[in-house]
Amino acid sequence: MRALRLVASGSLIGLLLLCLAWELWLAPLRPGGSLVALKALPLSFAIPGLLNGRRYTYQWSSMLILAYFAEGVVRAWSEGGAAQQLAAAEIVLSLVFFASAVAYARLTRAVA
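Reading guide: rules and limits
Residues numbered from 1 in each chain as written. Predicted model: local features only at pLDDT ≥ 70, side-chain atom pairs only at ≥ 80, totals over all residues. Heavy atoms only, no water. Phe/Tyr/Trp six-rings, centres within 6.5 Å; stacked < 30°, edge-to-face > 60°. Helix = DSSP H or I, 4+ residues; strand = E, 2+ residues; numbered from the N terminus. Buried < 20%, exposed > 50% of the residue type's maximum accessible area, 1.4 Å probe, protein only. Lys NZ or Arg CZ within 6 Å of the ring centre and 35° of its normal. Patch = residues over 30% accessible without salt bridge, like charges linked within 9 Å, V, L, I, M, F, W, Y side chains within 5 Å. Areas by Shrake-Rupley, 256 points an atom, 1.4 Å probe, with all protein chains shown as cover. Salt bridge = Lys/Arg side-chain N within 4 Å of Asp/Glu carboxyl O.

Q: How would you explain the packing of aromatic side chains if you had to name every residue and give the values?
A: Counting across every chain of the model gives one aromatic pair. Pairing Y58 with Y104 gives two aromatic rings, centres 4.2 Å apart and planes at 35°, and the pair type is tilted. Here the residue Y58 occupies a position in helix α3 (residues 55-78), and Y104 occupies one in helix α4 (residues 81-111), the gap between them amounting to 46 residues. Judged by relative accessible area, which is 0%, Y58 ranks as buried. Judged by relative accessible area, Y104 falls into the buried class, the value being 6%. Over the ring of W22 we find K39; its NZ or CZ atom is 4.4 Å from the centre of that ring.

What follows is the structure, given as structure tokens:
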């Protein structure tokens, strides 16, 4: 279970950093960055609960991550160049987080 917590926490933190870097420096919608970087804010709310192993946090954050997966799919399909590659990274990180969070929530349900 510790490995699932590490994978979930690492992928969520990676996604948070990717969102910030993408919208502020790597391929922002507007030159100089944009307020779309605020999309990373909801991810930060889950970090304390994930690090403390709270099952409820794993449950709700696994649903939240679906919005990031959907954004990645849309932007991978509609954009090109660096933004398309960043969108692919967003898809991968979202899927890794979702799989590890759901697995952790299921395993802790059996224990509780």
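Q: Got a sec to walk through a nonpolar patch on the surface? Specific residues and values, please.
A: A surface patch of nonpolar side chains, about 470 Å² in accessible area, is lined by L41, F45, Y56 and W60. Listing elements by their share of the nonpolar patch, those giving two or more residues are α2 (41-51) and α3. Mapped onto the secondary structure, Y56 falls in helix α3.

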